[in-house]
Amino acid sequence: MKVKERSSRYHFGPPWLFRGSALYQLHLVKADIARAFIPKELRLVEAFGYTLGGFFLAQYEDSPAGKFDELVVIAGIVWNPPSSCAWAARVLVNSDDACHHGRKEVGLPSHIATFSKKIVTATEKPNRSQSFLNRISMNSTFANQMEHSEIEVSQAKRSSIMPFCNISLPFSVTKSENGDKGMMPKIRMSLPSFSGQTEDYPHLLKYSCEIECRVSAVPPAKVNSSTVEKESQRSFGNKTYENSDILSDEEAEKRSILVLLSKPILALKFSFLKMRVGAPSIVVPMSRKKEVRFSST
């Protein structure tokens, strides 16, 4: 197993700066599946039995932990007035330092994993309209180099490596002389998240995540997994839990895969990603705030 050794630069932050690229994919996740991850003090944002979850698949070229890959499984959106934030069901990274920092400093359910990538490159011939644009010098290349990626994610368990999921990226990445930086709009967005209530960090936390990148809509990635059999998805997903306290790691893993296998509704490719993550702060749930108010009267 190739896992990047620890050589931390996290002491230079916060904020911690990450540069690279990512795929941010939103799914409609059954509330019964997502609710098992959510602390009982928080409210899952749902409508018609579904919440908004998905995943964040990133490849960092530079970070406090150096180069590494990350898959964040997002269970859903939770509400603690006056704000709503995402809740991570599982985080997989191929960096020991990033895993340690996620668990000990940010309260994330981080796990060591491997990311095996297979890239198939093909040449796309221009169609008639592209040929016309080429003749009048309005198109930079006569043929585009297209890349199709397959990513196999496996989780480290003790001394063995177990398959977690396979992510197929059906969208194409165009390589040209001028690059695609000028073709995509530049945006800035905030993706704050709740975390904590883990064995390593029992407090409920909230941390900021400020993103600056070039964004483009792409076809959704396809996710497959041999860990959760198709015939058992329905029966397993029908189990209900009030909160994450009773979830075993095996159940949490399987439910994380069910999140990945849920219906995708939007996929965004983040290029030239620059992400700043702030230090987490302890959050007092609204339910506890009310208890304090009542006890003081």
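Residues numbered from 1 in each chain as written. Predicted model: local features only at pLDDT ≥ 70, side-chain atom pairs only at ≥ 80, totals over all residues. Heavy atoms only, no water.

A few words now on the nonpolar core. Counting residues in hydrophobic clusters, the biggest one holds 42 residues, and the most contacted among them are Leu71, Val153 and Ile167. With 5 residues, helix α5 (residues 249-260) is the single largest residue contributor to this core. Not counting residues up to four positions away in its chain, the partners in contact with Val153 are Leu71, Leu92, Ala113, Thr114, Phe115, Pro163, Phe164 and Cys165. Counting 33 residues, the second largest nonpolar core, distinct from the first, contains Leu26, Tyr60, Val93 and Val277. (Core = buried A, V, L, I, M, F, W, Y, C linked by side-chain atoms within 4.5 Å. Buried < 20%, exposed > 50% of the residue type's maximum accessible area, 1.4 Å probe, protein only. Helix = DSSP H or I, 4+ residues; strand = E, 2+ residues; numbered from the N terminus. Contact = heavy atoms within 4.5 Å.)

Inspection of every chain in the model, using the stated rule, returns 12 salt bridges. Arg35 is the salt-bridge partner of Glu46, the closest N and O atoms lying 2.5 Å from each other. Separated by 11 residues along the polypeptide, Glu46 in the loop between β2 (43-44) and β3 (50-62) and Arg35 in the loop between α1 (31-34) and β2 bring together distant segments of the chain. You can call Glu46 partly exposed: its relative accessible area is 39%. (Salt bridge = Lys/Arg side-chain N within 4 Å of Asp/Glu carboxyl O.)

Mapped onto the elements, His203 comes out in the loop between β10 (193-196) and β11 (204-207). Expressed as a C-alpha distance, the spacing of His203 and Gly107, which sit 96 residues apart in the sequence, is 8.1 Å. Sequence-distant contacts of His203, that is, excluding residues within four places in its chain, are made with Ser195, Gly196, Gln197 and Ile282.

Most of strand β12 (residues 209-217) sits out of view: 7 of its 9 residues are buried. With 5 bridges connecting them, strand β9 (residues 186-190) and β12 associate as antiparallel partners. From the neighbouring strand, Ile187 faces β12, where its bridge partner is Cys213. With 8 bridges connecting them, β12 and strand β14 (residues 263-277) associate as antiparallel partners. By the bridge assignment, Glu212 is partnered in β14 with Lys274. (Pairing = 2+ DSSP bridges.)

Just distances and angles here, no functional claims.
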